[in-house]
Amino acid sequence: MYLESFSLPSPAWEENYLAPDVNPEMKRTCYTSYYPFRIFPEKQLTELHFAPVTFLYGGNGSGKTTLLNLIAERLRIKRGTYFNRSSFFADYVAQCGYVAPRFLTPIADASRMITSDDVFDYLLDTRCLNEQVDLRREDLLAEYTEEKYATFRMTSLEDYEKLKRNNEAKRWTGSKYVKKHVMPNVRAQSNGESAFRFFTEHIKEHALYLLDEPENSLAADLQLQLSQFIADTARFYHCQFIIATHSPFLLAMEHCRIYDLDTIPVTVKPWTALKHVRTYFEFFEQHREEF
């Protein structure tokens, strides 16, 4: 356990901060957003207590990602992508609190927040890298053909590298020439398979991880594999996870804690009592005979 609890500013502090007669900044009309103010008081949420694996569940706009952002900023956890924030975000974060075991403070350096944008950037980088490799391969084949049949005489030391290429082209096949001068393609996989590999490569031992909807891009079988990977990593490699998700395949994980952000007040629930999971269940019940 790297993080035992996380507390939000009190509703009274929020109300006081937003009062124009207390905070002159509120009199300005240039602001269009007071994010993350006015999200959690109506949910009666002031504190979260964590397990080795904790899920933040709720519909769009329920505050799941906002909570992850607040935790990441307050604990200064590394992240790879930017997020939406207002001029008042830093003031709100400064009023948040947390409790961490003394022997693990500060939070491990390997700790990280991973969002869908991180995964998508990884997929695009892999695709672009392979495209560049393919282009380089085509250029080298053209160079090989030119060097193989060219007549060349070395006139100075400046011609040494060109002489080497000329000799290689005459001595080797086109395939061998290209392989020597260009890296192989990054292993080609589907987006889902590459996304799953991203998690297995970037999640290390002994750290706290904040995951924002990691099920994106993953088919059902890969979501099950990710669930098992997270459970095993928490159990055997001393990691803690706080995960925002809608996935029933993740929410069904044993020995986890689930906060339902769609309820007022926010409460801990079993996965079978969550609205979206019940929707899946009722849908399949309606089609039971077809199965």
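About the criteria used
Each chain carries its own residue numbering, running from 1 in the written order of its sequence. Side-chain atom pairs in this predicted model are given and counted only at pLDDT of 80 or more, local residue features only at pLDDT of at least 70, and totals for whole chains, interfaces and linings cover all residues. To obtain the side-chain values, all non-hydrogen atoms of the structure were included, while hydrogens and water were left out. Between rings of Phe, Tyr and Trp, where Trp is taken as its six-membered ring, a pair exists when centres lie within 6.5 Å; planes separated by under 30 degrees are stacked, by over 60 edge-to-face, and by other angles tilted. Each helix is a run of H or I in the DSSP string that is no shorter than four residues. Each strand is a run of E no shorter than two, and both are numbered from the N terminus. Throughout, exposure labels follow a simple rule: accessible area from a 1.4 Å probe, protein chains only, divided by the maximum for the residue type, with under 20% read as buried, over 50% as exposed, and the rest as partly exposed. DSSP bridges decide pairing: two strands pair if at least two such bridges lie between them. Angles shown run from 0 to 180 degrees and are taken between the N-to-C directions of axes, each axis being a line fitted to C-alpha atoms and, for helices, limited to the stretch in contact.

K.L.:
Go over the packing of aromatic side chains, please, and point to the residues and values.
P.N.:
Given two aromatic rings, one states the distance between the centres and the angle between the planes to describe the pair. Within the structure shown, the criterion is met by twelve aromatic pairs. With centroids separated by 5.0 Å and ring planes inclined at 80°, the aromatic side chains of Phe37 and Tyr92 adopt a geometry described as edge-to-face. Linking Phe37 in the loop between helix 1 (11-17) and strand 2 (47-49) with Tyr92 in helix 3 (residues 89-94), this pair joins segments that are 55 residues apart in sequence. In this structure Phe37 comes out as buried when scored by relative accessible area, which is 4%. Looking at Tyr92, the relative accessible area reads 0%, which means it is buried.

K.L.:
Quick rundown of the sheet that holds strand 1 (residues 5-7)? Include the residues and the values.
P.N.:
On the basis of which strands lie adjacent, the open sheet formed by three strands has the order 2-1-5 and antiparallel pairing. Each having just a single partner strand, strand 2 and strand 5 (97-99) make up the two edges of the open sheet. Each adjacent strand pair in this sheet contributes to an overall mean axis angle of 10°, direction not counted. Bridge analysis of strand 1 against strand 5 gives three bridges, and the strand direction is antiparallel. Counted as the bridge partner of Ser5 is Val99 from strand 5.

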